[in-house]
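Descriptive analysis of the structure
Below, each chain spelled out in residue letters.
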Amino acid sequence: MDKLLRGELICKALEAREHAYVPYSHYAVGAALLSADGQVIQGCNIENASYGATNCAERTAVFQAVAQGMRKFRAIAISGGMEGRQPEDYAYPCGICRQVLQEFAEENFKVIVAKNVEDFQEYDLKELLPLGFGGGSIR
Ligand code: THU
């Protein structure tokens, strides 16, 4: 992916991370999703006292974007780490988020996991969710 665009996505993921609501795990995640038409939608993890009602940063971004009328996405940047500190590791998306991303992903959808703008890894979603189950199977 283009270096400037990737840098912007990582910055927006780090910015979104600041809004994470994480009183239980203290693990703050931010995501920035790039729509097919070039819009960037941010998301953060939102925890809940029930634990099970917690929403991941990636799904917050996808659901926010879909609710605004977007349906196709090109890439997502994700940054996670302990609240109040710079990310020290790459934050890979959980299985449920991989499945949700696949639902709305364009061909060659990229997943960027980043500690900062200089330190990141880029994957194709197909590498992270090979042989995934999709709508094509039930239509
Ligand atoms: N989390 C995310 O936001 N995204 C993921 O893909 C993995 C986990 C959040 C959920 C919870 O608030 C915290 O990280 C610890 O699991």
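This text follows the structure it describes.
Now for a look at the structure at hand. Everything numeric here is computed off the predicted structure, so don't read it as measured data. (Residues numbered from 1 in each chain as written. Predicted model: local features only at pLDDT ≥ 70, side-chain atom pairs only at ≥ 80, totals over all residues. Heavy atoms only, no water.)

**Regarding the pattern of salt bridges**
Using the criterion set out here, one finds six salt bridges in the structure. Two residues, aspartate 119 and lysine 115, come together in a salt bridge whose shortest N-O distance is 3.8 Å. Salt bridges sharing partners connect three or more residues here, namely Glu107, Lys110, Asp124 and Lys126. (Salt bridge = Lys/Arg side-chain N within 4 Å of Asp/Glu carboxyl O.)

**A look at the pairing of strand 5 (residues 120-124)**
Bridging between strand 4 (residues 105-114) and strand 5 involves five bridges; their strand directions are antiparallel. Considered in strand 5, the bridge of alanine 114 is made with phenylalanine 120. Hairpin remark: strand 4 followed by strand 5, antiparallel, with five residues in the connecting loop. (Pairing = 2+ DSSP bridges. Helix = DSSP H or I, 4+ residues; strand = E, 2+ residues; numbered from the N terminus.)

**Side note on the site of the ligand**
Surveying the vicinity of the ligand reveals the residues Ser25, Tyr27, Val29, Asn45, Glu47, Thr54, Cys56, Ala57, Glu58, Tyr92, Pro93 and Cys94. Within the backbone of alanine 57, an N or O atom sits 3.0 Å from an oxygen atom of the ligand. Summarising the interface, the protein chains cover 76% of the accessible area of the ligand, which totals 370 Å² for the free molecule. When contributions to the shell around the ligand are tallied by element, the ones reaching two or more residues are strand 1 (27-35) and helix 2 (57-67). Looking at the shell around the ligand residue by residue, the class counts come to seven nonpolar, three polar and two charged. (Near = heavy atom within 4 Å. Polar contact = N/O pair within 3.5 Å; in protein donor to acceptor, adjacent residues only side chain to side chain. Areas by Shrake-Rupley, 256 points an atom, 1.4 Å probe, with all protein chains shown as cover. Nonpolar A, V, L, I, M, F, W, Y, C, P; charged D, E, K, R; others polar.)

**Concerning the sheet that holds strand 2 (residues 40-44)**
One open sheet holds the five strands; their spatial order is 2-1-3-4-5, and the pairing between them is mixed. Two strands in the sheet have a free side with no partner beyond their single neighbour: strand 2 and strand 5. Strand after strand, the sheet turns through a mean of 20° between neighbouring axes, direction not considered. Lying over the sheet, helix 1 (residues 3-17) contacts strand 1, strand 2, strand 3 (73-82), strand 4 and strand 5, oriented at roughly 140° with respect to strand 1. (Axes fitted to C-alpha atoms, helices over the stretch in contact; angles between N-to-C directions. Contact = heavy atoms within 4.5 Å.)

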